[in-house]
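# Descriptive structure summary
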Amino acid sequence: MAALVMQPTYDPKTIESRWYDAWEEAGLFRPEYRPDGRPFCVVIPPPNVTGSLHLGHALNMTIHDVIVRRRRMQGWAVLWLPGTDHAGIATQNMVERKLAEEGLTRFDVGRDRFVEEVWSWKARYGDRITQQIRRLGYSPDWTRERFTMDEGLSRAVRTVFVRLFDEGLIYRGDRIINWCPRCETALADIEVEHSDEAGELVVLQYPYTDGEGGITVATTRAETMLGDTAVAVHPGDGRYAGAVGRTVRLPLVGREIPIVADEAVDPEFGTGAVKVTPAHDPNDFEIAQRHGLPVVAILDQRAVVTTEGGRFAGLDRFEARAAVKHALQKEGRLVRAEDHHHAVGHCYRCDTVVEPYLSRQWFVQVQPLARPAIEAVRSGQNRFIPGHWEKAYFHWMENLRDWCISRQIWWGHRIPAWYCSCGELIVAVDPPTACPACGDEDLTQDHDVLDTWFSSALWPFSTLGWPVQTEDLARFYPNTLLITGFDIIYFWVARMMMMGIHFLGDVPFVDTVIHGLVRDHQGNKMSKSRGNAIDPLDVVDEYGADPLRLALIQAAAPGQDVPLDMEWVAAARKFGNKIWNAARFAVAHVGTIPAEGGYPTDPAPVERWILGRLAEVTRRFDELSDDYRFSDAFAVLYNFAWSEVFDWYVELSKAPLRDPARSEPVAATLGVVLRDLLKLFHPAVPYLSEELWSQLVGNGLLAGTDWPQPPEYDPVPSMVTFQELVGGIRSFRAEHGLAARQPLLIQLLDPAGVVEPWWEEQLGGLAGVETIAVEGPPARAHTRIVAGPVQGFIELSDLIDLDAERDRLRKARNAAGADLDQAERKLANPDFVARAPADIVAKEQAKADELRVRVEKLSAQLADLGS
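We now turn to the structure provided with this report. In this numbering scheme, every chain counts its residues from 1 along its sequence in written order. Local features in a predicted model are, by the rule used here, given only for residues with pLDDT of at least 70; side-chain atom pairs are given and counted only at 80 or more, and totals for whole chains, interfaces and linings are based on all residues. The side-chain values count all of the structure's non-hydrogen atoms but skip hydrogen atoms and water molecules.

This part is about the packing of aromatic side chains. Aromatic rings from Phe, Tyr and Trp, with only the six-membered ring used for Trp, were paired whenever their centres fell within 6.5 Å, and each pair was classed as stacked if the ring planes differed by under 30 degrees, edge-to-face if by over 60, and tilted otherwise. Under the counting rule described, the total for this entry stands at 38 aromatic pairs. A ring pair is formed by Phe107 and Trp410, whose centres lie 5.3 Å apart and whose planes are at 75°; its orientation type is edge-to-face. In this pair, Phe107 is assigned in helix H5 (residues 106-109) and Trp410 in the loop between strand E17 (406-407) and strand E18 (417-419), connecting sequence segments 303 residues apart. Note on exposure labels: buried denotes an accessible area under 20% of the residue type's maximum, exposed denotes more than 50%, and partly exposed covers the range between, all computed with a 1.4 Å probe on protein chains only. Judged by relative accessible area, Phe107 falls into the exposed class, the value being 60%. Secondary structure elements are taken from DSSP: a helix is a run of H or I of four residues or more, a strand is a run of E of two residues or more, and numbering for both begins at the N terminus.

Here's what the structure looks like:
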């Protein structure tokens, strides 16, 4: 693609529409681009097909893209595999809302037509998020894009289900699950959002059936007492030693229920005695199983009281809560009610309060799957980065309950189980044509679909073609790494580990890289309800995709949250303009730059310095990137580019570039330094770097070139001294309000022979001074600038008011001396040294040392001024 004439300023909108198609058409995103490269595979955490990008996606995918673009340039055969999740409940809700606009429900149209409607919706709107991914410049291999409901992935889901069923690891049974009464489906734990809410703790008395008095219990859901089948106390709670084995009469219902002792009871909660409602609480269900208690369901699928609730039947659960409380009060069994804040679960899609509900569902027996997945991390087959997340992983995996995998919706992978009227259950990958037991062909498939996380758990290998043994599966499994947020370690990472090891005999990925959440600049979680949510595409519209990417990656410390402020993005945009201006300068002064190599073999000192720093920075950037320390890596690169390349070398190159006799080696150095800088920055700012590559090199696409490997050069010690001298001169001008170009004469004392011939010209250009060599300090009043072994003297009599300067220096010295005295008194106090933390003492000692140097410097400056 031909380069445009360079505009005077960097404008992301002008360039960010130019390059994506070129990259894709060149096949750069496919592993086949580097056919002989070492395989590198990472799968995208599949966003919901219903969704649009949020800043969490942008952070995750920026980290992905920075990694995979660098690996491609390093010669790896990179497969970054994209795809989307069918998002069962979310997508179904979207289509149900569309039907509601026509006055219809899914039951009006029937299951088959409803599923057709969902596929139609997906065909029309399903690529919105992938287009947004393209706009931000992310580079997955779109030719291998997957969808969790694709036929190949669906077959993988059915195969896994059947094998686990045959192994006895999938079963159908009655257990307590999360239930949404509005969506009328079971929910995964991650689909329940908890919020701390004001409620009521109601204390009730249940009378003994064999005498006076009774036992008191506390509950936040008074209506569930209608389904109580016992009261439980802790076996070690002496308050109730004589109560265990007795029975109480259940108020309002009249049922006689026992008092049992169980270790699960917390004696510190409420009264220490708890009501046991097995059909509506998971802990109570387990107590009931241990003690053989009956189970009474008093709420139906819509959270309406059933006939088991007697006179309260037909009431909504919240209506029943108030009515039951009122009835207990009338009966004299309401002891008290007190305010109580507690976590309440809500459906993540419709915000309905979730109900613990006893239901017949399909479950995975997870412990046999979890044990090998735990061992794989303990043994180092898989490692977490940062490593402290392993502890959370182990805690979760060692305390897993069986996983409820069935959902009572219509969109998703339908459970591959069929029922015959003879009672036979057939579980098969392909639909059976007849019952194997009786030959009946009239079979009914299970109405439920699988939890979305079930298909997502297979993502690292189903996307590569499993259960078919494809070339991609052989080459790219296990994946090289996984990059994800800490909030889904348990629900996704853990399940992928279990499934990958069980079905392919190896971990699904070698490294698990965990990043934090994007928060606002005050550290608050971003959400629409808080009013602080930011649409990344709005940021792109205002600042550009590259500035957003750079701001995110600069903050991407492993495992830490990212408190993003738009000032960061604005600063990244300004940095882009700095690169743009440096490139404009180079385009005007540098000839053709080779895409690779071209490093000078015998550079002059200034060129040797910047080339050596380029090699050093490249090596350090690679080390930090290989350790996934992205914020540190880009801090090193950013500071080198701004402080050394732009502020120093570009300025140092101006004088020799104006001299035809000296310009060629300087131009060559400037060219390769800027070229390699574009390569190093390309993974973070692909659009800007590709555009500038077209201007500077104009040969091929930057995204397809090799990663820089600049040669090492001998250090140039005099450069550090020169920079310190220039910095000192600039500070002197700033302190005294002298214009940058006001002529100055500096006398240099160089007993070690550090000063080089090129200094004189460059000091004139960079610091606006003329230089002469001297044997010692001048006799007249002067200021002294110390730079390593070199001392520079500037006579002051014609520049400043000497009396005012002496007065300023005395005041500064006296203030520093007073601070030093105070610090030394504190350090001389044995109580302070003995009792204060070691880091506080060390900080005070460092402060004293710094003040001592300042006092000595100010005293020397006063001496240089004379009396």
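The next point concerns the environment of Ala828. Position of Ala828 among the secondary structure elements: in helix H26 (residues 802-828). Judged by relative accessible area, Ala828 falls into the exposed class, the value being 62%. In this structure, the C-alpha to C-alpha distance between Ala828 and Trp142, residues 686 residues apart in sequence, is 69 Å.

Right, let's get into the state of the cysteines. Disulfides are defined as cysteine sulfur pairs within 2.5 Å. What the rule picks out here adds up to zero disulfides. Considering cysteine sulfurs only, Cys180 is the nearest to Cys350, which forms no disulfide, with 3.5 Å between them. In this structure Cys350 comes out as partly exposed when scored by relative accessible area, which is 24%.

To continue, consider H26. Along its 27 residues, H26 runs 38 Å from first to last C-alpha, staying within 8% of the 39 Å computed at 1.5 Å per residue. Taken as a whole, H26 has its buried residues at Leu802, Glu805, Arg806, Leu809, Ala812, Ala816, Gly817, Leu820, Ala823 and Leu827. Whether two residues are in contact is decided by their heavy atoms: any pair within 4.5 Å suffices. Here the buried face of H26 lies against helix H24 (717-736), helix H27 (830-835) and helix H28 (838-865). One less than the number of residues in a helix, times 1.5 Å, gives the span that helix is expected to have.

One side-chain nitrogen of Lys or Arg within 4 Å of one carboxyl oxygen of Asp or Glu is enough to make a salt bridge. A complete count under the given rule lists 52 salt bridges for this structure. Here Glu286 makes a salt bridge to Arg401, at a shortest N to O gap of 3.7 Å. Pair noted here: Glu286 is in helix H9 (residues 282-291) and Arg401 is in the loop between helix H12 (389-398) and strand E16 (403-404), with a separation of 115 residues, a long-range link. The exposure class of Glu286 is partly exposed, given its relative accessible area of 28%. On the accessibility criterion, Arg401 (44% relative accessible area) is partly exposed. We note a salt bridge from Arg808 to Glu735, for which the minimum N-O separation is 3.9 Å. On the criterion of sequence distance, the pair formed by Arg808 in helix H26 and Glu735 in helix H24 is long-range, its members being 73 residues apart. The class for Glu735 is exposed, based on a relative accessible area of 51%. Overlapping salt bridges, with partners in common, bring together Arg30, Glu32, Asp141, Arg144 and Asp472 in one network.

Once that is clear, we can look at the sheet that holds strand E8 (residues 214-219). Ordered in space as E8-E7-E13, the three strands form an open sheet in which the pairing is antiparallel. The two strands at the open ends of the sheet, each matched to only one other strand, are E8 and strand E13 (334-347). Between one strand axis and the next, the sheet turns by 20° as a mean value, whatever way the strands run. The pairing of strand E7 (residues 192-207) with E13 spans 13 bridges and is antiparallel. Of the residues in E13, the one forming a bridge with Glu200 is Asp339. Every axis corresponds to a line fitted to the C-alpha atoms, with the helix fit spanning only the stretch in contact, and the corresponding angles, defined between N-to-C directions, vary from 0 to 180 degrees. Each of E7 and E13 is contacted by helix H10 (residues 317-331), which is oriented at about 165° to E13, the strand it contacts most. Between any two strands, pairing holds if DSSP finds at least two bridges.

With respect to topology, four strands assemble into an open sheet ordered E10-E11-E9-E12, the strand pairing being mixed. Looking along the sheet, the strands with just one partner apiece sit at the ends: strand E10 (247-249) and strand E12 (273-276). Going across the sheet, the axis of each strand differs from the next one's by a mean of 30°, ignoring polarity. Bridging between strand E9 (residues 230-233) and strand E11 (residues 256-261) involves three bridges; their strand directions are parallel. Pairing of Ala232 across the sheet is with Val260, part of E11. Against the sheet, H9 engages E9, E11 and E12, with an angle of about 85° to E12.

So, on to the packing of helix H22 (residues 663-681) against helix H23 (residues 686-696). Here H22 crosses H23 at 155°, and the two axes come no closer than 9 Å. Judged by the inter-axis angle, H22 sits roughly antiparallel to H23. For the crossing formed where H22 meets H23, the hand is left-handed. Contact with H22, carried on its side by Leu674, Arg675, Leu678 and Lys679, involves Ser689, Leu692, Trp693 and Leu696 of H23 and no other residues of that element. Counted by class, the contact of H22 with H23 contains five nonpolar, one polar and two charged residues. For classification, angles of less than 35 degrees are called roughly parallel, those exceeding 145 degrees roughly antiparallel, those between 65 and 115 degrees roughly perpendicular, and all remaining angles oblique. Crossings are classed by handedness, with left-handed meaning an anticlockwise turn of the near helix from the far one by less than a right angle and right-handed meaning a clockwise turn. Residues are grouped as follows: nonpolar covers Ala, Val, Leu, Ile, Met, Phe, Trp, Tyr, Cys and Pro; charged covers Asp, Glu, Lys and Arg; every other residue, Gly included, is treated as polar.

The next point concerns the side chain of Asp446. Position of Asp446 relative to the elements: it lies in the loop between strand E20 (444-445) and strand E21 (449-450). Counting rule applied: Lys, Arg positive; Asp, Glu negative; His and chain ends not counted. Of the side chains with opposite charge, Arg172 lies nearest to the buried Asp446, which makes no salt bridge, at 4.1 Å. For this analysis, a polar contact is any N or O atom pair within 3.5 Å, provided that within protein one partner can donate a hydrogen and the other can accept it, and provided that sequence-adjacent residues contribute only side-chain to side-chain pairs. Side chain to side chain, Asp446 and Trp362 meet in a polar contact 2.9 Å long. For Asp446, the residues in contact, after removing those within four places along its chain, are Arg172, Trp362, Arg414, Ile415, Ala417 and Tyr419.

Only protein atoms enter the 1 Å grid used here. Points where a 1.4 Å probe fits but cannot escape make up a cavity, open sets with protein on both sides within 12 Å along at least five of seven lines make up a pocket, and a residue lines them when an atom lies within 4 Å of a point. Grid points are joined across faces, edges and corners, and a volume is the space filled by probe spheres set on the points. The final tally for this structure, using the stated rule, is five cavities of 30 Å³ or more. For the largest cavity, the calculated volume is near 50 Å³. Lining the largest cavity are 13 residues, and of these Ile63, His515, Ala556, Ala557 and Pro558 sit closest to its centre. Looking at the lining of the largest cavity element by element, the count peaks at three residues for strand E23 (residues 509-515). Here the residues of the lining of the largest cavity are counted per class, giving ten nonpolar, three polar and no charged.

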